[in-house]
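The chain contents come next:
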Amino acid sequence: MQTPEHGASPLIEVRKLERRYGQGEAAVQALRGVDLDVQRGEMIALMGPSGSGKSTLMHILGLLDRPSAGSYRLGGRDVSRIGSHEAAELRGRRIAFVFQGIHLIPRLTLAKNVELPMLYARMPAPERRKRVSESLARVGLEQIERRMPNQVSGGQAQRVAIARAVAPGPDLLLADEPTGALDRSAGREVLGIFQELNQALGLTVAVVTHDPFVARHAQRLIEIEDGRVVSDRPVEDRLLATRACGEPTP
Ligand code: ADP
């Protein structure tokens, strides 16, 4: 069945988006009229100096926050003013988040950490287990799924966080400084996984970063300054960090 969600419209359509924090003289205008289209299957980087509005935009795109003015359509549907209950439901189903700080639950195995959000979403057990195995395999950690979080490296923990984020089958992955706490080699591995998820699954990926090296792994670079998009262009010298398949996991 053709619904607006499956039509040719961009996955993300943002128009004249504004976000103001506070009132009166103390008000901060974090976004000042952002226009942005992101097609399904794109991998974009959002770059800009500290305080330019990147996180604010990311939070609105992730339905964690709402604009003060302007519109946001996700999959053809206007979500600018939906209620928090509906936003949570939509977020759980369609949007994956990966942040700099890796929050795994220390007393659960890696596999249980990946499974937990799907348990909360009341997905049937066989489907959950299938998704746990598939997503851990995608990040190359299927052999250590019974380990505890304190038995893995920071890079491996971030890969588990990615598996957990994508296991429910979202169509948008939002990553805020996902390699910020990692050394360069673990960071490259994470970027390679994003590229693989983007290419193999057609997952739309948006990475917020202040690091030009990280941004060069995207197909398209959007620069934000003072709450506005000041540049939007293809990445000419894109870096590919895709992992070799079947690489053994220590
Ligand atoms: P970036 O992610 O690019 O560093 P942010 O989106 O975090 O930028 O912030 C944009 C602007 O909005 C900054 O001036 C910041 O101080 C302000 N800001 C962000 N969040 C809040 C908030 N909850 N309350 C008040 N001001 C905020």
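Everything here concerns the structure above.
Below you will find a few notes about this structure. Worth saying up front: this structure is predicted, and the values here are computed from it rather than measured.

Another aspect to go through is the side chain of Glu13. Position of Glu13 among the secondary structure elements: in strand 1 (residues 12-21). A residue is classified by how much of its surface remains accessible, and Glu13, at 17% relative accessible area, is buried. Beyond its immediate sequence surroundings of up to four residues, Glu13 is in contact with Leu36, Asp37, Ser71, Tyr72 and Arg73.

Quick look at the packing of helix 3 (residues 110-120) against helix 4 (residues 125-138) now. Helix packing for two helices is described by the angle between their axes and how far apart those axes are. The contact between helix 3 and helix 4 brings their axes to 9 Å, and the two run at 135 degrees. When the axis of helix 3 is compared with that of helix 4, the two are oblique. Like other packed secondary-structure pairs, helix 3 and helix 4 cross with a definite hand, here right-handed. Along the contact surface, helix 3 presents Ala111, Val114, Glu115, Met118 and Leu119, while helix 4 presents Arg128, Arg131, Val132, Ser135 and Leu136.

Moving on to the nonpolar core. Residues Leu136, Ile162, Leu173 and Phe194 are the most contacted members of the largest nonpolar core, which totals 42 residues. Here Leu173 is in contact with Ala96, Val98, Ala165, Val166, Phe194, Leu203, Thr204, Val205 and Ala206, once residues within four sequence places are set aside. Within the second largest apolar cluster, 28 residues are counted, among which are Leu57, Leu90, Ala206 and Ile222.

If you walk across this open sheet you meet the four strands as 2-1-4-5, and the pairing is antiparallel. One side of each edge strand has no neighbouring strand; the edge strands of this open sheet are strand 2 (28-38) and strand 5 (77-78). Looking at chain direction, strand 1 and strand 2 are connected through eight bridges and run antiparallel. The residue bridging Arg19 from the neighbouring strand is Leu31, located in strand 2. Relative to strand 1, helix 1 (residues 54-61) is tilted by about 120 degrees, and along the sheet it contacts strand 1, strand 2 and strand 4 (69-74).

It is worth spelling out the packing of aromatic side chains at this point. To describe a pair of aromatic rings, one takes the distance between the centres and the angle between the planes. In the structure shown here, the tally under the stated rule is one aromatic pair. Relative to Phe99, the ring of Phe97 lies with its centre 5.8 Å away and its plane at 10 degrees, an arrangement referred to as stacked. A relative accessible area of 33% places Phe99 in the partly exposed class. Taking the ring centre of Phe213 as reference, the NZ or CZ of Arg184 above it sits at 3.8 Å.

Taking 1.5 Å of rise per residue, 13 residues should cover 18 Å, and helix 5 (residues 154-166) covers 19 Å from first to last C-alpha, within 8% of that figure. The buried fraction of helix 5 is high, at 12 of 13 residues. Along helix 5, the residues classified as buried are Gly155, Gln156, Ala157, Gln158, Arg159, Val160, Ala161, Ile162, Ala163, Arg164, Ala165 and Val166. Here the buried face of helix 5 lies against strand 6 (95-99), helix 3, helix 4, strand 7 (172-176) and helix 6 (184-201).

What counts and what doesn't
- Residues numbered from 1 in each chain as written.
- Predicted model: local features only at pLDDT ≥ 70, side-chain atom pairs only at ≥ 80, totals over all residues.
- Heavy atoms only, no water.
- Helix = DSSP H or I, 4+ residues; strand = E, 2+ residues; numbered from the N terminus.
- Buried < 20%, exposed > 50% of the residue type's maximum accessible area, 1.4 Å probe, protein only.
- Contact = heavy atoms within 4.5 Å.
- Axes fitted to C-alpha atoms, helices over the stretch in contact; angles between N-to-C directions.
- Parallel < 35°, antiparallel > 145°, perpendicular 65-115°, else oblique.
- Left-handed = near helix turned anticlockwise from the far one by under 90°.
- Core = buried A, V, L, I, M, F, W, Y, C linked by side-chain atoms within 4.5 Å.
- Pairing = 2+ DSSP bridges.
- Phe/Tyr/Trp six-rings, centres within 6.5 Å; stacked < 30°, edge-to-face > 60°.
- Lys NZ or Arg CZ within 6 Å of the ring centre and 35° of its normal.
- Expected span 1.5 Å × (residues − 1).

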